[in-house]
Amino acid sequence: MPSPSPEASPRTWFISGGRAAFSIPGLILSSAFVGFAGLAKAAGLTLWQTVFMVGVVWALPAKVVLVGAILSGSSVFAAAFAVALSSIRLMPMVVALVPEMRSPRTPKWTLYVLSHFVAVTSWVLAMDRLRHVPRDMRTTYYAGLGGTLVLANMFLTGIVFLLADSFPPMLMAGLLLLTPIYFLTSLWGSARERAGHLAMVFGIVLGPIVHLFAPGFDLLIAGATGGVGAWAIHHARARRWAA
Amino acid sequence: MTFEAFDTWWWPYIFILVAGWLATDAWRFMGVYLGGRIAEDSEILVLVRCVATALVAAVIGNLIVFPSGELANTSLVLRVGAVAAGFAAYLIFRKRVLVGILVAEIVLLTGIALS
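Residues numbered from 1 in each chain as written. Chains lettered and ligands numbered in written order. Predicted model: local features only at pLDDT ≥ 70, side-chain atom pairs only at ≥ 80, totals over all residues.

A short note on the overall build of chain A
In terms of regular secondary structure, chain A is built from twelve helices and zero strands. At 20 Å, chain A has a C-alpha radius of gyration in line with the 18 Å of a compact globule built from 243 residues. Counting only C-alpha atoms, chain A reaches 60 × 60 × 30 Å along its principal axes. Of all 243 residues assigned to chain A, the portion counted as buried reaches 53%. (Helix = DSSP H or I, 4+ residues; strand = E, 2+ residues; numbered from the N terminus. Rg over C-alpha atoms; globule rule 2.2 N^0.38 Å. Buried ≥ 20, exposed ≤ 12 C-beta atoms within 10 Å, placed from the backbone.)

Regarding the packing of helix H4 (residues 60-71) of chain A against helix H1 (residues 11-34) of chain B
Here H4 of chain A crosses H1 of chain B at 150°, and the two axes come no closer than 10 Å. The orientation of H4 of chain A with respect to H1 of chain B, classified from their angle, is roughly antiparallel. Like other packed secondary-structure pairs, H4 of chain A and H1 of chain B cross with a definite hand, here right-handed. Where H4 of chain A abuts H1 of chain B, its residues Ala62, Lys63, Leu66 and Ala69 of chain A lie against Ala19, Gly20 and Thr24 of chain B. Taken together, the residues that form the contact of H4 of chain A with H1 of chain B break down as four nonpolar, two polar and one charged. (Axes fitted to C-alpha atoms, helices over the stretch in contact; angles between N-to-C directions. Parallel < 35°, antiparallel > 145°, perpendicular 65-115°, else oblique. Left-handed = near helix turned anticlockwise from the far one by under 90°. Contact = placed C-beta atoms within 7 Å. Nonpolar A, V, L, I, M, F, W, Y, C, P; charged D, E, K, R; others polar.)

Details of the domain arrangement of chain A
All names here are of chain A. Taken domain by domain, chain A comprises domain 1 (10-175) and domain 2 (191-243). Listed by partner, the interface residues are ten residues for domain 1 and seven residues for domain 2. Going through the elements one at a time, H4 and helix H5 (76-87) are the ones with two or more residues in the side of domain 1 that touches domain 2. Here the side of domain 1 that touches domain 2 takes four residues from H5, the largest share from any one element. Considering only residue class, the side of domain 1 that touches domain 2 consists of six nonpolar, four polar and no charged. (Domains from an automatic or database assignment.)

Considerations on the confidence of the model for chain B
Mean pLDDT over chain B: 91, with 95% of residues reaching 70 or higher. For this predicted complex, the interface confidence score (ipTM) comes to 0.86, while the overall pTM stands at 0.82. (pLDDT = per-residue confidence, 0-100.)

Observations regarding the domain arrangement of chain B
By domain assignment, chain B separates into domain 1 (1-38), domain 2 (39-66) and domain 3 (74-115). Centre-to-centre, using C-alpha coordinates, domain 1 of chain B lies 19 Å away from domain 2 of chain B.

Thoughts on the nonpolar core
Counting 118 residues, the largest nonpolar core has Val65, Leu66, Ala79 and Ala82 of chain A together with Ala19, Ala54 and Leu55 of chain B as the members making the most contacts within it. Among the elements that take part in this core, helix H2 (residues 43-65) of chain B stands out by supplying 13 residues, more than any other. (Core = buried A, V, L, I, M, F, W, Y, C linked by C-beta atoms within 7 Å.)

Structural notes on the environment of Ile209 of chain A
Residues and elements named next belong to chain A. Topologically, Ile209 is positioned in helix H11 (residues 194-213). Of the residues examined, Ile209 has 14 C-beta atoms within 10 Å and is grouped as partly exposed. When the C-alpha atoms of Ile209 and Ala222 are compared, they prove to be 8.7 Å apart, with 13 residues separating the residues in sequence.

Below, the structure written as structure tokens:
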């Protein structure tokens, strides 16, 4: 990909970051937001609630968990707990991104504001591309990239939400299948350890089973038992190999 | 205090802010605060990633088994079959997410058309 010359203006770098949003990872992400619009509508959210959620939460797994909690009739506290559990990984992602992005002159508040754009896609793109951006232009570049991704997908989600009423039932069913298949594949690909794959298998089976008995707490129970179980098995195996 | 607990226009937005914005940006801000002080491969982070992964997977499972809207009018066998076919295609075609999505959608839509 051609990038601007190192002496280019901040504006040029900002635009260059924004253009990186229109790439294959960006396209795949937007297909997931098309699915999310259908999911939010089916869950009974209004247009503005949906667009608001895209802007303030941004990370798609967190939003899907949030809508899942709303569908299960969870209280705001149980929902917050489930979303927080699903989003802890944002912390190490930011921890990894900050040293890539900051220069000695970067103010702290800039990093706090930009951290809001961190979610899987923008993070993967940033970790890949920031190396080719001069250090004092990296926050500008990421502001262009992250800001464009968030705004474009808020817009896209709103449009699909409005159009969904005129979709034939078959197309609507297809729209609602986008979220599960997108996450099933992308989550599998992003799991770094074998334990992550095991955790996925446990979670996908336990979720619906626990839902039958404790609908308001299904995500928390399935996530905690599935996750800890996968980690424990992974750990026991690693120890056996080491011995 | 569920999403539909209060009959006001602002309650859903408070719900989204507390359970959505606060529950995600708190982690992002903590990441900035901690800077480079945590190793990516520390054991506690492996555990954290496992729980987060299982939680999102539980949502996926629920969306397939207990779907909402138009998808609820399809049979469980068709939904599981479509997702399984998509996932298999994803694994076979060198982990291309787009291939997985396309195959799952084709199987689902063909199944609906034939029923």
